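Now for the letters of each chain:
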Amino acid sequence: MDQEEFESWIRPLIPVSLSSETLEISVPNRLFASWLEENYLDLLANAWVEANGRETSFTFTWDGGGMQGELFQEYSSDHDKRVTPKRNVNPSGLIDRYDFENFVIGPSNQFARAAAMAVSQQPGSLYNPFFLYGGVGLGKTHLANAIGHAVLQNNPEARVLFLSADSFTNQLIEAIARNKSVAFKNRLRRVDVIIIDDVQFLAGRDRTQEEFFHVFNALYESGRQIVLTCDKFPNELEGVAERLCNRFGWGLVADLQSPDTETRIAILERKAKAEGVELPVDVASLIASKVDSNIRNLEGALTRISAFASLSGRPLDRELAAELFAGLAQDEPKVLSLDDLERGVATHFGLRTGDLRARRRTKKIAEARQIAMYLMRRYGNASYPTIGAHLGGRDHSTVIHACQCIERRRREDAKFRHILDTVSKRIGCV
Ligand code: ADP
Ligand code: MG
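In this report, we go over the structure that sits alongside the text.

What counts and what doesn't
Residues numbered from 1 in each chain as written. Chains lettered and ligands numbered in written order. Predicted model: local features only at pLDDT ≥ 70, side-chain atom pairs only at ≥ 80, totals over all residues. Heavy atoms only, no water. Helix = DSSP H or I, 4+ residues; strand = E, 2+ residues; numbered from the N terminus. Buried < 20%, exposed > 50% of the residue type's maximum accessible area, 1.4 Å probe, protein only. Contact = heavy atoms within 4.5 Å. Areas by Shrake-Rupley, 256 points an atom, 1.4 Å probe, with all protein chains shown as cover. Lys, Arg positive; Asp, Glu negative; His and termini not counted. Charge placed at Lys NZ, Arg CZ, Asp CG, Glu CD. Axes fitted to C-alpha atoms, helices over the stretch in contact; angles between N-to-C directions. Left-handed = near helix turned anticlockwise from the far one by under 90°. Nonpolar A, V, L, I, M, F, W, Y, C, P; charged D, E, K, R; others polar. Near = heavy atom within 4 Å. Polar contact = N/O pair within 3.5 Å; in protein donor to acceptor, adjacent residues only side chain to side chain. Expected span 1.5 Å × (residues − 1). Pairing = 2+ DSSP bridges. Salt bridge = Lys/Arg side-chain N within 4 Å of Asp/Glu carboxyl O. Phe/Tyr/Trp six-rings, centres within 6.5 Å; stacked < 30°, edge-to-face > 60°.

1. Side note on the overall build of the protein
Turning to step 1, where the next piece is worked out: A count of helices and strands for the protein gives 18 helices and 10 strands.
Turning to step 2, where the next piece is worked out: Structurally, the protein occupies a C-alpha span of about 80 × 60 × 45 Å along its principal axes.
Turning to step 3, where the next piece is worked out: Per-residue burial for the protein yields a buried fraction of 47% across its 430 residues.
Turning to step 4, where the next piece is worked out: Counting only contacts in the protein whose residues sit at least 6 apart along the sequence, the fraction spanning at least 24 positions is 68%.
Turning to step 5, where the next piece is worked out: Summed over its atoms, the accessible surface of the protein is roughly 22,000 Å², and 49% of this surface lies on carbon and sulfur atoms.
Turning to step 6, where the next piece is worked out: Computed over 53 positive and 57 negative side-chain charges, the separation of the two mean positions in the protein equals 8 Å.

Structure, rendered in structure tokens:
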């Protein structure tokens, strides 16, 4: 983890007691404990094993409460009342609070959410598989769970199974070791809706992929709904067999983008309300402007600031927020030179730089030219006439048309958006 994370989440931990199987750690408050539990428990556990050669369970306590590692088993005052951690009380494996209701809608996720909703209303028949992709912490796991919840709401008898690709792998390995792989696969084939989270973790695991391929086919052919999440576009999954990647793209591919400021504020407010934190509007917008990487970090920032407020006994106000986030500079939009952008686009599409300026107009060149215009407008901070002049003396109305056209395709077509993202990244726009 980086220094900043360490200072926020590890430095404040105080070891309190150690018995043969439990390490008790004191933390500032309950929110802090849930955050640790959700995000750093594995890391802590691994670090412990590495340092001490054996496992321990963790108990987080704070003034007035405590929480045992593994699951949110709270035991208020009576510290001796040990509860055995239990996982997954519900057999579907779905995470409770990740439902549609708690999912804040914004332009960055509107399409994916609408598609997810549609899938949950007609599982198996509309978009199969439903492939949801996007960067870390943008809501893939949340949305995938929401589908499962909605299916169950419509039909409580439905057999829904949520599994991370990792636990799919682990369960498979275990089943094989215990000679139960047939039973394992049969169990999977009986579900109505299967949700596999983070399929990128199948990369390089040939045996797992092989088995998953068969499960996929069996489910697909019998019209069961398959939902997959991934941090990449299907075709870009390295280390995953082509026939699998291929199938991943058969149905609908939808992506989650980074939320804009309004959506970030709305998410913060929703979260604060759920946690019973009084969050003034100006503080929400300050946090939203400072933390724009992903939603998990956004939630982390809220947890951090409320922990800080309660630790220091200060009110959660703009002053406190400004202090806490002073180190985080607001991101300045990058400005690139038109030459760089032109060269970058041309290289990406395998063209010569001059091609974009020339009169020639194959479909490929025309598209690349439009993309160049769009990027010049967006990242080159140039006016329409300047862009037109730069690209072979074209009229500004041509440039406006190109920008609108690309913007529309970007909104409506996930595949195109992906291409655009790839070009932009490559050129260094984002
Ligand atoms: P991913 O699986 O893409 O890494 P998650 O689904 O785990 O991301 O989301 C990270 C956190 O952000 C979760 O706590 C989730 O509830 C929250 N989150 C993501 N998107 C939204 C949204 N649109 N509205 C409310 N909370 C969201
Ligand atoms: Mg996830």
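2. Concerning unusual backbone geometry
Turning to step 1, where the next piece is worked out: Cis rather than trans, the peptide bond between Asn128 and Pro129 has omega equal to -5°.
Turning to step 2, where the next piece is worked out: Structurally, Pro129 can be placed in the loop between helix H4 (110-121) and strand S6 (130-134).
Turning to step 3, where the next piece is worked out: Not every positive phi belongs to a glycine, and Asn179 is a case in point at roughly 60°.
Turning to step 4, where the next piece is worked out: Tracing the chain through its elements places Asn179 in the loop between helix H6 (165-177) and helix H7 (181-189).
Turning to step 5, where the next piece is worked out: Given a relative accessible area of 73%, Asn179 falls into the exposed group.
Turning to step 6, where the next piece is worked out: Non-glycine residue Asp198 carries a positive phi angle of around 60°.
Turning to step 7, where the next piece is worked out: Examined against the element boundaries, Asp198 turns out to sit in the loop between strand S8 (193-197) and helix H8 (206-221).

3. Digging into the packing of helix H14 (residues 338-348) against helix H15 (residues 363-379)
Turning to step 1, where the next piece is worked out: Between H14 and H15, the least distance of the axes is 9 Å, while the angle of their chain directions is 145°. Judged by the twist between their axes, the crossing of H14 over H15 is right-handed. Along its contact with H14, which presents Leu338, Leu341, Glu342 and Val345, the element H15 presents Ala368, Ala372, Leu375, Met376 and Tyr379.
Turning to step 2, where the next piece is worked out: Per-class residue counts for the contact of H14 with H15 are eight nonpolar, no polar and one charged.

4. A few points about the site of ligand 1
Turning to step 1, where the next piece is worked out: The environment of ligand 1 is formed by 17 residues, the closest being Val104, Gly137, Thr141, His142 and Glu299.
Turning to step 2, where the next piece is worked out: Contact between ligand 1 and Asn109: a nitrogen atom at 3.3 Å from a side-chain N or O atom of the residue.
Turning to step 3, where the next piece is worked out: Contact distances for ligand 1 include 2.8 Å between an oxygen atom and a backbone N or O atom of Lys140.
Turning to step 4, where the next piece is worked out: When isolated, ligand 1 has an accessible area of 560 Å², and the protein chains bury 93% of it.
Turning to step 5, where the next piece is worked out: Of all the elements in the fold, those that place two or more residues in the shell around ligand 1 are helix H5 (140-154) and helix H12 (295-312).

5. Structural notes on H12
Turning to step 1, where the next piece is worked out: The terminal C-alpha atoms of H12, which comprises 18 residues, lie 26 Å apart, in line with the 26 Å expected from a rise of 1.5 Å per residue.
Turning to step 2, where the next piece is worked out: Buried within H12 we find Ile295, Leu298, Gly300, Ala301, Leu302, Thr303, Arg304, Ile305, Ser306, Ala307 and Ala309.
Turning to step 3, where the next piece is worked out: On the buried face of H12, the contacting elements are helix H1 (3-10), helix H2 (30-39), helix H10 (261-275), helix H11 (281-290) and helix H13 (318-324).
Turning to step 4, where the next piece is worked out: Taking the backbone nitrogen of Arg296 as reference, a side-chain oxygen 2.9 Å away marks Asn294 as the first, capping residue of H12.
Turning to step 5, where the next piece is worked out: Two residues or fewer past H12, Gly313 is found with a positive phi of approximately 70°.

6. Section: the pairing of S6
Turning to step 1, where the next piece is worked out: Burial of S6 is extensive: five of the five residues sit out of reach of the surface.
Turning to step 2, where the next piece is worked out: Residues Phe130, Leu132 and Gly134 line one face of S6 and the alternating positions Phe131 and Tyr133 line the opposite face, and both faces are buried.
Turning to step 3, where the next piece is worked out: Looking at chain direction, S6 and strand S9 (residues 225-230) are connected through four bridges and run parallel. Looking at the pairing, Phe131 lines up with Leu228 of S9.
Turning to step 4, where the next piece is worked out: In this structure, S6 lies alongside strand S10 (residues 252-256), joined through five bridges in parallel fashion. Looking at S10, one finds that Phe130 is bridged to Leu252.

7. Structural notes on the environment of Leu41
Turning to step 1, where the next piece is worked out: Relative to the helices and strands, Leu41 resides in helix H3 (residues 41-52).
Turning to step 2, where the next piece is worked out: Residue classification places Leu41 among the buried residues on the basis of a relative accessible area of 12%.
Turning to step 3, where the next piece is worked out: Sequence separation between Leu41 and Phe58 is 17 residues; the distance between their C-alpha atoms is 8.3 Å.

8. Examining the pattern of salt bridges
Turning to step 1, where the next piece is worked out: With the rule as written, the count across this model stands at 20 salt bridges.
Turning to step 2, where the next piece is worked out: Measuring nitrogen to oxygen at the nearest pair gives 2.7 Å for the salt bridge that ties Lys185 to Glu211. Here Lys185, found in helix H7, pairs with Glu211, found in helix H8; they are 26 residues apart in sequence, far enough to count as distant.
Turning to step 3, where the next piece is worked out: With a relative accessible area of 6%, Glu211 lands in the buried category.
Turning to step 4, where the next piece is worked out: For Glu342, the salt bridge goes to Arg357, with nearest N and O atoms at 2.8 Å. Linking Glu342 in helix H14 with Arg357 in the loop between H14 and H15, this pair joins segments that are 15 residues apart in sequence.
Turning to step 5, where the next piece is worked out: A residue is classified by how much of its surface remains accessible, and Glu342, at 1% relative accessible area, is buried.
Turning to step 6, where the next piece is worked out: Looking at Arg357, the relative accessible area reads 36%, which means it is partly exposed.
Turning to step 7, where the next piece is worked out: Within this structure, Lys185, Arg207 and Glu211 form a network of salt bridges that share partners.

9. Some remarks on the environment of Ser181
Turning to step 1, where the next piece is worked out: Position of Ser181 among the secondary structure elements: in helix H7.
Turning to step 2, where the next piece is worked out: Considered as a pair, Ser181 and Leu338 are 157 residues apart in the sequence and their alpha carbons are 58 Å apart.
Turning to step 3, where the next piece is worked out: Dropping the residues within four chain positions of it, Ser181 is found in contact with Ala175 and Ile176.

10. Some remarks on the packing of aromatic side chains
Turning to step 1, where the next piece is worked out: One pass over the full model with this rule turns up 14 aromatic pairs.
Turning to step 2, where the next piece is worked out: Between Trp9 and Phe32, the ring centres sit 4.8 Å apart and the planes meet at 50°, which makes this aromatic pair tilted. Taken together, the positions of Trp9 in helix H1 and Phe32 in helix H2 put the pair 23 residues apart, joining distant regions of the chain.
Turning to step 3, where the next piece is worked out: Since its relative accessible area comes to 5%, Trp9 is described here as buried.

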